[in-house]
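Structural characterization, general
These are the residues of each chain, in order.
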Amino acid sequence: MGWQCNLDAMHIVALFALSAVAMAVGMLKSVPRNLFGVAAMVAMLSLGAFAEYCQSKAKEPVWNSEKQLYRARLLEVPQKRGTSVKVLAEVSLPGTVRYYDARCRGLVYLYFPRSVESDTLEIGDVLLADMAVSPPKNAGNPAEFDIESYYYIQGISGTAFVNTGGWSIEEEGNLTISMQALALRDKVVERYREMGLKDGELSLLSALTVGEKRDLQQEIKENYSAAGASHILALSGLHLGIIYAFLVLLLPLRSRKLLFVVLREAVIVLLLWGFAFVAGLSPSVVRAAILFTLMSAGRCLKQDSSSLSSLSFAAFAMLLFSPHLLFDISFQLSFAAVFSILTLAPPLVRLFRPEEHGRFYGAVVRISVMSLVAQVGTLPFIWYYFGVFPLYFLLTNIFIIPLAACVVNVAFVALVFSFVPLLQGGTASLLGTAAAAMNGFVELIAGLPGASFMLPPVGVAAACGIAGLLIMLSAGLLQKRWWLVAISLSGVVFFSLAGAVKDSCGVKGDRLV
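Here is a short report on the structure shown in this document.

Rules of the game
Residues numbered from 1 in each chain as written. Predicted model: local features only at pLDDT ≥ 70, side-chain atom pairs only at ≥ 80, totals over all residues. Heavy atoms only, no water. Helix = DSSP H or I, 4+ residues; strand = E, 2+ residues; numbered from the N terminus. Areas by Shrake-Rupley, 256 points an atom, 1.4 Å probe, with all protein chains shown as cover. Pairing = 2+ DSSP bridges. Core = buried A, V, L, I, M, F, W, Y, C linked by side-chain atoms within 4.5 Å. Buried < 20%, exposed > 50% of the residue type's maximum accessible area, 1.4 Å probe, protein only. Expected span 1.5 Å × (residues − 1). Bend = angle between axes of the 7 residues up to and from the residue. Salt bridge = Lys/Arg side-chain N within 4 Å of Asp/Glu carboxyl O. Patch = residues over 30% accessible without salt bridge, like charges linked within 9 Å, V, L, I, M, F, W, Y side chains within 5 Å. Axes fitted to C-alpha atoms, helices over the stretch in contact; angles between N-to-C directions. Parallel < 35°, antiparallel > 145°, perpendicular 65-115°, else oblique. Contact = heavy atoms within 4.5 Å. Phe/Tyr/Trp six-rings, centres within 6.5 Å; stacked < 30°, edge-to-face > 60°. Lys NZ or Arg CZ within 6 Å of the ring centre and 35° of its normal.

**Remarks on the overall build of the protein chain**
Looking only at helices and strands, the protein chain has 18 helices and 9 strands in total. Surface exposure of the protein chain reaches about 27,300 Å², of which carbon and sulfur atoms provide 66%.

Right, dumping it as structure tokens:
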């Protein structure tokens, strides 16, 4: 990217111009056909580099850390925890005050002492606050979390503590469309509370249906991680697929006429994007919504859209809009899992011939294969970032995916019936029981002996090497080239032993975040 290669705007524009000329030449019949593809790839890289260059320049310079008056617009629902209130805000200097050697505008996390006044803060409020905004800095402790890189990727330029009495509300609740969506998500969570749901059931449903994970208890996160079901807590293509199947069931196609097909697909796509919007437009949800949109467009045009082409388009569009997503953990895990499923799952499923043994056998085979290939595809990232591998992930996913589908569907029915007094109690009780059963099952798996084991730490180069070895392993298994399987397995064992030796010697691998 631009900030890594020290390219300025002129170099990037020149690179794009050259690649555009090469693409034009590549369309001629007298030149090699590969020229167009290579030129197109370079053009896409230059577009991404230019977008990254613009964003990196927009983040310069840093805040001056001096206490002064700022104007802050709250961008999310304030998070009340213990003795403090935390909220993301767009901070700027008021009026025409500007500094050329310090930042004047940016996204900042504000921290307020818990009080009657701070508890009244709402999303969309505009404050005048006397505070000192500081850029994020690492503490310098060994093996600490790289908060500077994490905040940079998220587009957050600083943090500030606002004293009690050091702020006032200038304007109340002037919400943009995105703020209205977040406020609606908070109302859904509040509706769950009014239905009598609390603790683990409430936090699970909030994460599973609207992507609100701020209230998830640490114990639940650890249980789902140890059982190999962390992906259930993060909204992704799995959840949109459940909702899509539910909408298809609710809106059956009564006619094959093009008008009816277009109307049904349009309604389904609008509802999916509405759900994605309420869920905060996270990268995994946006990617899934784009894929389902392209699939629906293919049905309307009576053409089968390529899943890999749709996935590539989704990744390109998202990275062009926000290049920093390339270094976001959820983005990497989401696309790695989907890519693995699209490329490896179909041939592996065919090996078990599910169509010959009934629906139940076929469902078990498909869930098991998708869980396996998703775990294989994300293993380099899991190994690099977390260093933990869940042993019983296949057993977990065979049961947890159907359970999640039931919980999501029951949740939407319960939300609708929550406005009907006679039915509210029964549906809320059913929903709470389903969520408790899901948490209980995961806790049971996480408590089994050897549910998860620690992997030796690896650096960036080793993680890339492991990814290459897993590609070799997959190719060897699919093509029955056992020498490839033997080489790749030996390589994985080598990296494991090398990481264990490095860890015992106290040497740490480099980390991106």
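Next comes the rest of the description.
**Re the pairing of strand S4 (residues 105–113)**
A regular strand carries its side chains on alternate faces of the sheet. With 9 bridges connecting them, strand S3 (residues 84–92) and S4 associate as antiparallel partners. Looking at the pairing, Leu88 lines up with Tyr109 of S4. Bridging between S4 and strand S6 (residues 156–161) involves 5 bridges; their strand directions are parallel. Bridge assignment links Val108 to a residue of S6, and that residue is Gly158.

**Some points on the nonpolar core**
In terms of nonpolar packing, the biggest core is built from 51 residues, with Tyr192, Tyr224 and Met438 touching the most fellow members. If you look at the next biggest cluster of nonpolar residues, it comprises 21 residues, including Leu93, Phe112, Leu121 and Leu127.

**Concerning helix H14 (residues 358–385)**
Between its terminal C-alpha atoms H14 stretches 40 Å, which fits the 40 Å expected from 28 residues at 1.5 Å a residue. The largest bend in H14 amounts to roughly 55° and is located at Thr378, with the proline Pro380 lying one to four residues further along. Looking at the residues trailing H14, positive phi occurs at Gly387, about 70°.

**Some details on the pattern of salt bridges**
Enumeration according to the criterion identifies 11 salt bridges in this entry. The salt bridge partner of Arg193 is Asp215, with a shortest N-O separation of 3.7 Å. Taken together, the positions of Arg193 in helix H5 (residues 177–194) and Asp215 in the loop between helix H6 (199–210) and helix H7 (218–227) put the pair 22 residues apart, joining distant regions of the chain. Taking relative accessible area as the criterion, Asp215 reaches 40% and is therefore assigned partly exposed. Salt-bridge contacts for Arg264 lead to Glu265; the nearest nitrogen and oxygen are separated by 3.2 Å. Since its relative accessible area comes to 16%, Arg264 is described here as buried. When salt bridges with common partners are traced through the structure, they connect Glu76, Arg185, Glu212 and Arg214 into a single cluster.

**As for a nonpolar patch on the surface**
Together, Val413, Val416, Phe417, Val420, Leu422 and Leu423 make up an exposed nonpolar region whose accessible area comes to about 530 Å². With 3 residues, helix H15 (residues 393–417) is the largest single contributor of residues to the nonpolar patch. In this fold, Val413 is placed in helix H15. With relative accessibility at 31%, the residue Val413 sits in the partly exposed group.

**Side note on the packing of H6 against H15**
Taken N-terminus to C-terminus, the directions of H6 and H15 make an angle of 85°; their axes are 10 Å apart at the nearest point. In terms of their interaxial angle, H6 and H15 are classed as roughly perpendicular. Judged by residue contacts, Leu205, Leu208 and Thr209 of H6 engage Ala404, Val407, Val408 and Ala411 from H15.

**Regarding the packing of aromatic side chains**
Two descriptors summarise a pair of aromatic rings, namely the distance from one centre to the other and the angle between the planes of the rings. Tallied over the full model, the rule gives 9 aromatic pairs. Each ring, one from Tyr244 and one from Phe292, has its centre 5.0 Å from the other, and the planes form 25°; the classification is stacked. Here Tyr244 is found in helix H9 (residues 237–250), whereas its partner Phe292 is found in helix H11 (residues 283–300), with 48 residues between them in sequence. By relative accessible area, Phe292 is classed as buried at 13%. Seen from the ring of Tyr109, Lys86 lies directly overhead, with NZ or CZ sitting 4.4 Å from the centre.

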